[in-house]
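Listed below, chain by chain, are the residues.
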Amino acid sequence: MEKPARIAIFPGSFNPFTTGHRSIVDRARPLFDRIVIGIGINAEKAERGDVTARVEAIKVLYADCPDVEVQAFSTLAADFASQVGARWILRGVRSVKDYEYELAMADVNRRLAGLETVILPALPELGCVSSSLVRELASYGADVSEFIPQRKDSK
Ligand code: ADP
């Protein structure tokens, strides 16, 4: 009997998608048949940039990776997982603070929908990279290119 495909969602705000996010996707690719990067649309954060543009920018990075998809979603992550047939949620942790949050979310998603969360530790050199840091630096006109993945690096 054929085994069902191992599908994971990687939900987040990705505003913007950073080298830290890319590292989580790239390191998880061998673990799953398919990873669906889900850009969560949060009504309170709706003013922070165009979601369609964010989806397209991430799609370009993974244009050569048929196992990586990108979609926006505005539901609970558990409902998004069910919509795409995913049984796992992929997340990354940079710190104890991240871990405490992820532990609570993992518990909720297991209880709500029987979804297991696979948490990968941040690479030490990327542990300080966050979308909010990139946004703040960019707002002062700083060069943030080292934190934003380029397509040629994405394989
Ligand atoms: P959210 O708003 O849901 O936390 P983010 O876009 O900030 O969404 O992050 C999505 C996921 O990526 C989270 O699990 C977060 O901990 C993880 N992440 C963010 N930056 C890094 C990084 N530099 N290294 C590893 N994981 C990261």
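Here the residue index of a chain counts from 1 through its sequence in written order. Only residues with pLDDT of at least 70 get local features here, since the model is predicted, and only at 80 or more are side-chain atom pairs given and counted; chain-wide, interface and lining totals rely on the full set of residues. Where side-chain values are given, they derive from all heavy atoms of the structure, hydrogens and water being excluded.

Student: Looking at this model, I keep getting lost on the overall build of the chain. Mind explaining?
Tutor: Under the DSSP-based scheme used, a helix requires at least four consecutive residues in state H or I and a strand at least two consecutive residues in state E, with every element numbered from the N terminus. Within the chain, the regular secondary structure consists of five helices and five strands. For the chain, the α and β elements follow one another from N to C terminus as β-α-β-α-β-α-β-α-β-α. In this setup the radius of gyration rests on C-alpha atoms only. A globule is expected at 2.2 Å times the number of residues raised to 0.38. Taken against the 2.2 N^0.38 rule, which gives 15 Å for 155 residues, the C-alpha radius of gyration of the chain at 15 Å falls within 12% of a compact globule. Only protein chains enter the area calculation, which uses a 1.4 Å probe; residues under 20% of their type maximum are buried, those over 50% are exposed, and those in between are partly exposed. The burial tally for the chain puts 39% of its 155 residues in the buried class. Intrachain contacts of the chain at a sequence separation of at least 6 include 79% that bridge at least 24 residues. Residue contacts are defined here by distance: any two heavy atoms, one from each residue, within 4.5 Å place the two residues in contact.

Student: Explanation requested: the packing of aromatic side chains in the structure shown.
Tutor: Classification of ring pairs rests on two measures: the distance between centres of Phe, Tyr or Trp rings, Trp counted by its six-membered ring, which must be within 6.5 Å, and the angle between planes, read as stacked under 30 degrees, edge-to-face over 60 and tilted in between. As enumerated under the stated definition, the model contains five aromatic pairs in all. With a centroid separation of 6.2 Å and an interplanar angle of 90 degrees, the aromatic rings of Phe17 and Tyr62 are classed as edge-to-face. Taken together, the residues span a long stretch of sequence, with Phe17 in the loop between strand E1 (7-12) and helix H1 (19-28) and Tyr62 in the loop between helix H2 (51-61) and strand E3 (68-73) at a distance of 45 residues. With respect to burial, Phe17 and Tyr62 carry one shared label: buried. For the ring pair Phe32 and Trp88, a centre distance of 5.8 Å and an interplane angle of 50 degrees mean the geometry is tilted. One end of the pair, Phe32, is in the loop between H1 and strand E2 (34-40); the other, Trp88, is in strand E4 (residues 88-93), with 56 residues separating them in the sequence. Overall, the relative accessible area of 8% leaves Phe32 in the buried class. Here the aromatic cluster, defined as three or more aromatic residues joined through ring pairs, consists of Phe10, Phe14, Phe17 and Tyr62.

Student: Can you walk me through the nonpolar core in this structure?
Tutor: The nonpolar side chains of a soluble globular protein tend to be buried with one another. What we call a nonpolar core is a set of buried Ala, Val, Leu, Ile, Met, Phe, Trp, Tyr and Cys residues that are connected through their side-chain atoms within 4.5 Å. Grouped together as the largest cluster of nonpolar side chains are 21 residues, with contacts concentrated most on Phe10, Phe17, Ile37, Ile58 and Tyr62. Those elements giving two or more residues to this core turn out to be E1, H1, E2, H2 and E3. A per-element tally of this core places H2 first, with four residues. Look past the residues within four positions of Phe10 in its chain and what remains in contact with it is His21, Ile24, Val25, Ile35, Val36, Ile37, Gly38, Leu90, Arg91 and Gly92. Membership of the second largest hydrophobic core comes to 12 residues, among which are Val36, Phe73, Val84 and Ala86.

Student: Honestly, the sheet that holds E1 in this entry has me stumped. Any pointers?
Tutor: By the convention used here, strands pair only if DSSP detects at least 2 bridges between them. Taken in spatial order, the five strands of this open sheet run E3-E2-E1-E4-E5, and their pairing is parallel. In this open sheet, the two edge strands, each paired with only one partner strand, are E3 and strand E5 (116-121). Strand-to-strand twist in this sheet, taken as the mean axis angle between neighbours without regard to direction, amounts to 30 degrees. Summarising the sheet, E4 and E5 pair through six bridges and their orientation is parallel. Note on E5: the bridge partner recorded for Leu90 is Val118. The axes used here are C-alpha line fits, helices contributing only the stretch in contact, and every angle between their N-to-C directions lies in the interval 0 to 180 degrees. Seen against the sheet, H2 touches E2 and E3 and runs at an angle of roughly 175 degrees to E3.

Student: What's the story with the environment of Thr18 in this structure? I'm lost.
Tutor: In this fold, Thr18 is placed in the loop between E1 and H1. Between the C-alpha atom of Thr18 and that of Leu31, which follows or precedes it by 13 residues, the distance is 21 Å. If near-sequence neighbours (up to four positions away) are discounted, Thr18 is found in contact with Val129, Ser130, Ser131, Val134, Phe147 and Pro149. Two N or O atoms form a polar contact when they lie within 3.5 Å of each other; inside protein one atom must be a possible hydrogen donor and the other a possible acceptor, and for residues adjacent in sequence the pair counts only when both atoms belong to side chains. At 3.1 Å, the side chain of Thr18 and the backbone nitrogen of Gly20 are in polar contact.

Student: Would you mind showing me how to read the environment of Gly127 here?
Tutor: Tracing the sequence through the fold places Gly127 in the loop between E5 and helix H5 (131-139). A residue is classified by how much of its surface remains accessible, and Gly127, at 23% relative accessible area, is partly exposed. Linking Gly127 and Val55, residues 72 residues apart in sequence, is a C-alpha distance of 24 Å. Apart from the residues lying within four places of it in its own chain, the contact partners of Gly127 are Arg94 and Ala122.

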